[in-house]
Amino acid sequence: MADTTAVPAPPVAAPGPPERRRGRRRFPLRRVGARLTHLLLVLLAVTFLSFVVVDLLPGDAAVVVAGDNATPEQVQQVREDLQLDRPLVVRYVDWLGGVVTGDLGESFRTGQPVADALAERVPVSFQITLVAQVLALIVAVPLAIYSAYRPGRPVDRVSMTLGFGAAAMPQFVLGMVLIVLFAGGIWSVLPATGFTPFFESPLDNLRSIILPCLTLMVAEAAVYRQLLRSDMISTLQEDFILMARAKGLPVRRILLRHALRPSSFSLITLSGLNIGRLLGGTVIVETLFAIPGLGQLIVQAVFNRDYMLLQGALLFVAVAYVVINMLIDLLYLFLDPRVRRHG
Amino acid sequence: MADPIAPAPTTTATATPARARADRTPWGWWVAWAWLGTVVLAAVFAPVLPLWDPDVPDYTNVASGITPQHWLGGDTLGRDTFSRVVHGARASLLVGLCAVLLGAVVGGTLGMLAGYFGGRTERVLALVTDVVLAFPGLVLIIALVAILGASLTNLILGLAILSVPTFIRLSRAATLVVAQREFVLAARAYGCRPMRIILREIAPNVVLPVAAYGFIMVGLFIVVEGSLSFLGLGIPPPTPSWGGMIAAGRVELLTYPHISLFPAAVMFLTVLSINYVGERTRKRFEVKESNL
Amino acid sequence: MSAAGKETLLSAADVGVRFHTPRGVVRAVEDVSLDVREGEVVAVVGESGSGKTVLTRRLMGLVAAGRTTDVSGTVDYAGSRISDLSGPALSRFWGAEIALILQDPMTSLNPVKRIDAQITETIRQHEDVTRAQARERAVELLRQVGLAEPERRLRQYPHELSGGMRQRVTIAIALSCNPRLLLADEPTTALDVTVQAQILDLLAGLQRRRRMAMLLVTHDLRVVRSRADRIAVMYAGRIVETAPTADLFAAPRMPYTEALMHALPPSAGPNHVRLQTIPGRPPDLLNPPAGCRFSPRCPYAQDRCLTEDPPLRDAGSPAHRYRCWFPVGSPAWSEARDRNARRGTSAAGTPVSEEMVLS
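Small disclaimer: the values here were computed from a predicted structure and weren't measured. (Residues numbered from 1 in each chain as written. Chains lettered and ligands numbered in written order. Predicted model: local features only at pLDDT ≥ 70, side-chain atom pairs only at ≥ 80, totals over all residues.)

Chemist: Can you walk me through the overall build of chain B in this structure?
Modeler: Of the regular secondary structure elements, chain B holds nine helices and zero strands. Secondary structure elements in chain B, listed N-terminal to C-terminal, are α-α-α-α-α-α-α-α-α. Burial status across chain B gives 47% buried among its 292 residues. (Helix = DSSP H or I, 4+ residues; strand = E, 2+ residues; numbered from the N terminus. Buried ≥ 20, exposed ≤ 12 C-beta atoms within 10 Å, placed from the backbone.)

Chemist: Sorry, what's going on with the sheet that holds strand 5 (residues 80-81) of chain C here?
Modeler: Residues and elements named next belong to chain C. Ordered by their spatial adjacency, four strands build an open sheet running 2-1-4-5, and the pairing between neighbours is antiparallel. Of all the strands in the sheet, just strand 2 (24-37) and strand 5 have a single pairing partner and so form its edges. In terms of strand pairing, strand 1 (residues 8-21) meets strand 2 through ten bridges, oriented antiparallel. Bridging from a neighbouring strand, Phe19 pairs with Val26 of strand 2. Strand contacts of helix 1 (residues 52-60): strand 1, strand 2 and strand 4 (69-77), with the helix running at about 120° to strand 1, the strand carrying the most contacts. (Pairing = 2+ DSSP bridges. Contact = placed C-beta atoms within 7 Å. Axes fitted to C-alpha atoms, helices over the stretch in contact; angles between N-to-C directions.)

Chemist: I would appreciate a short explanation of the sheet that holds strand 8 (residues 213-218) of chain C in the present structure.
Modeler: Strand pairing in a sheet takes place through backbone hydrogen bonds and is either antiparallel or parallel in direction. All names here are of chain C. On the basis of which strands lie adjacent, the open sheet formed by eight strands has the order 6-7-8-3-9-10-12-11 and mixed pairing. What marks the edges here is a single partner per strand, and that holds for strand 6 (98-101) and strand 11 (313-315). Strand-to-strand twist across the sheet, computed as the mean angle between neighbouring axes with direction ignored, equals 25°. Strands strand 6 and strand 7 (181-185) of the sheet are contacted by helix 6 (residues 163-175), whose axis makes an angle of about 170° with strand 6. Strands strand 3 (41-45), strand 9 (230-235) and strand 10 (238-244) of the sheet are contacted by helix 10 (residues 255-262), whose axis makes an angle of about 105° with strand 9.

Chemist: Help me understand the packing of helix 5 (residues 114-149) of chain A against helix 8 (residues 202-236) of chain A, please; the structure alone is not making it clear to me.
Modeler: Axes are the key here: two packed helices are described by the angle between their axes and the distance separating the axes. Residues and elements named next belong to chain A. Remark: helix 5 packs on helix 8, axes separated minimally by 6 Å, with the N-to-C direction vectors making an angle of 35°. Remark: the crossing between helix 5 and helix 8 carries right-handed chirality. Looking at the contact of helix 5 with helix 8 residue by residue, the class counts come to 24 nonpolar, two polar and three charged. (Left-handed = near helix turned anticlockwise from the far one by under 90°. Nonpolar A, V, L, I, M, F, W, Y, C, P; charged D, E, K, R; others polar.)

Chemist: Where do I start with the interface of chain C and chain A in this structure?
Modeler: In many analyses, interface size is given as the accessible surface area lost on bringing the parts together. On the side of chain A, 21 residues touch chain C, which itself brings 26 residues to the contact. Secondary structure elements with two or more residues in the side of chain C that touches chain A: helix 2 (87-91) and helix 3 (115-126) of chain C. In terms of residue class, the side of chain C that touches chain A is built from eleven nonpolar, ten polar and five charged.

Chemist: I keep staring at the UniProt feature "domain: ABC transporter" (unreviewed entry) in chain C and nothing clicks. Help me out?
Modeler: As annotated in UniProt, the feature "domain: ABC transporter" (unreviewed entry) corresponds to residues 10-261 of chain C in the numbering used here. Helix makes up 38% of residues 10-261 of chain C and strand 28%, with an end-to-end C-alpha separation of 28 Å. (UniProt positions renumbered as here; feature names shortened; annotations may be inferred.)

Chemist: I keep staring at the packing of helix 4 (residues 137-148) of chain B against helix 5 (residues 152-179) of chain B and nothing clicks. Help me out?
Modeler: Residues and elements named next belong to chain B. Packing of helix 4 against helix 5 leaves a shortest axis separation of 9 Å and a crossing angle of 150°. With respect to helix 5, the element helix 4 is oriented roughly antiparallel. By crossing handedness, the relation of helix 4 to helix 5 is classed as right-handed. When helix 4 is examined against helix 5, the residues Gly137, Leu140, Ile141, Leu144, Val145 and Leu148 are found in contact with a partner set consisting of Asn154, Leu157, Gly158, Ile161 and Leu162. Classifying every residue of the contact of helix 4 with helix 5 by side-chain character gives eight nonpolar, three polar and no charged. (Parallel < 35°, antiparallel > 145°, perpendicular 65-115°, else oblique.)

Chemist: What exactly am I supposed to notice about the pairing of strand 12 (residues 317-322) of chain C here?
Modeler: Every regular strand shows the same layout, with side chains that alternate between the two sheet faces. Residue and element names in this part refer to chain C. Bridge count between strand 10 and strand 12: two bridges; the pairing is antiparallel. Residue Glu241 lies in a different strand from strand 12, and its bridge partner there is Tyr322. Of the strand pairs in this sheet, strand 11 and strand 12 are connected by three bridges, and their pairing is antiparallel. Residue pairing for strand 12: Ala315 is matched across the bridge by Ser317. Two successive antiparallel strands, strand 11 and strand 12, enclose a turn made up of one residue, where Gly316 displays a positive phi of approximately 85°.

Chemist: I tried to follow the environment of Pro263 of chain B on my own but got confused; where do I start?
Modeler: Residue and element names in this part refer to chain B. Position of Pro263 relative to the elements: it lies in helix 9 (residues 258-285). The exposure class of Pro263 is buried, given the 30 C-beta atoms found within 10 Å. Contacts of Pro263, omitting those with residues within four sequence positions, involve Val85, Gly88, Trp242, Met245 and Ile246.

Here it is in structure tokens:
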């Protein structure tokens, strides 16, 4: 997880600590044991922290669950049913035991198994995240390559200016603008809110995710273009690019087959971290477009003091973060032969 | 040589007159500073400026457009949008600046410690940063607001916590580079105490990149504050804030888009200016641009 | 060392390259004229910053006019004016007719591509051959450049090879399409001393066997003494002396050439000879000195050298040309030398010791 900025949404260009290109790539295999321990500790810390946070939340979960009109006896009964009277650490260990055996518990509110609730929400977040990422990369990569090839020329300048605008546009403002433009205000071509699952109606599904995905991708595309452009410009100054030219290779081939891969490491890291972050919910977009994703689930769980549900959701987010970081490391192994040797 | 794969020319001799274009400071730089200056001045002097009271409704001004009395019209309650935008700048800027300052100082210090000492200090801090990053930021802020109560201070605190990991990484990376330089090695060889080396030798070299990035973070946090207000988790009403105003206009979005539009435009221009100035400043510290 | 007097393969006339930088205009190459005949080895010698690398790249067309670059002069290759060609047309020459070897083999190979791909892509770019044929040829090439186990090397990545092996690979790439002209830009500078001679001998052998012309760029006169037919000495972006190798070593005219020779240990004889250094630093190409570019560092400099720029003149034959008002060995020169020795300083104010001028 070396050096990318991802909290909460990265600015136009991730700051370029000199270590960025190298630090992460060195010796991932040798340190695989230490790394796994580290990731396991992260998971434990995140889940325990969420227990503590939920416990500190004002308002008694038992009162919330029992309802406003419940008698103190009923509240007490609920509390014992939910085992809220036991100490925090005991509850945590208990929950952890459940997790290890595959049991995430049940929602306090609805009694629905947490695993089922996640299974409903995660695919929604997953689809939107993935589509938005792919769109952002489709827009950003060609622009970045061409901008790096001809820095300071019109394509570079225009896309940089637009990128500045895109990065300065808050998601909720962009979403509102898109709604005004396409979903009621000026043209009524797309639904403003709601989500249709893909298997119900692929076309409606597509229509329902267009605006959310656009809202998500715009700023990311700007960041990706900027990042890849600057890495690509430094790659293009390398001797091996001069050699490739001197071999008589066409510019297209040099850019795509020689320069792109060695320039893509930071982009892959950032994109991976963003996928991890977005999987954990895109609360703004989900709220704006009324999409039943993981972000909404988490926020509702906090407000409802439904902490079995919250625990499960946070566990998923943390696992996603950890898994994606490991995937990025594996991808480096595939992309950069120099890493393989050090293993 | 800016373009390494430039094709050969069609003419042998090109005599283009002096190309000082890249060297001149672009006009955008001055426009951005002018806008930021205006916003800051407006925020500082909001109470003494001859404006409408931002909290008092004027029933003739409900959702009205631009009028001679109300330059940017009014919101659904008839409050003057211009006055609320100016007063909103106070909250937005305060949150952005304070959160970044706090995050940069804490994160910057921890990052230098991690980078300088390495070993266990570094491992513990890496764990802390990963935990914060793996924990959805929004949940942290919601929880903080719920536990401590919704207020400007708590919002700042929450955002500062979220920014700490980024600053730790940035300052650690900068420290690792500086720590290898001769003057630091020399100071070590003289037997200087680590704290003295960190303060005297390393900190001055870490401050610049951290500050340049922090500047961009201010813009980011203005947006985040807006997003939180949009979710109803930001600065509690009736205190005007840009995000709160945009969110309030959402109800009438399709009928009176201008209620959201004006504060949104102001926020956009401010963040744009900050990003632009920050990006240019950051580039200036980057040595690597041309070689060959 | 073969075949002088054959047909001219590459001919450069009045080549100039100027870079516009934020700090001013850099005249990296000025008025350079240079011929390379078929099968001939021409050496370009000069300190770092003398413009020899930029010149090489301009000869090929790798440095071209752009937003920050001006070029002038003409370059002809085998009857085509390649300085008039644009990218796609030029790239038909690159790799196929004219090949390039760069200084640092650690950076001139793509780190994420196998050796196999890096050799065969050149062949497949220029010739209509199958992948298998190209691979076969790559194996043969690696064998020719003296790499053991060529099949295994092909599957490796650059980082798995040593510096010397990598330079052999770049030579194999350069030779892959049988070019008629090889530009070798300091091919051994980045290598270990023990490997340097091996690579140079390899290059010389390949050049002779393939009857290929070679432009050998170096900062080291020793390297070229036994390997070049002709030598061009560059200083501050210009050719200051050019001559057949034997003539140049026998009778250098330009004081800079002389100074370069004195900075070398003799190839035979006592090895405790005191080596001389050239005083001062290479000139700042942003603000080149007025008059002769070498005058601030020249022990013989007179007032005229500081104001008037010497033209390139013949020394007896048109093959030997130099730029100097007081050419080494002439009566004017001994006068200038004695005058500077008496006053202890050159006209530019550089201190001059007896030892420096009387060696």
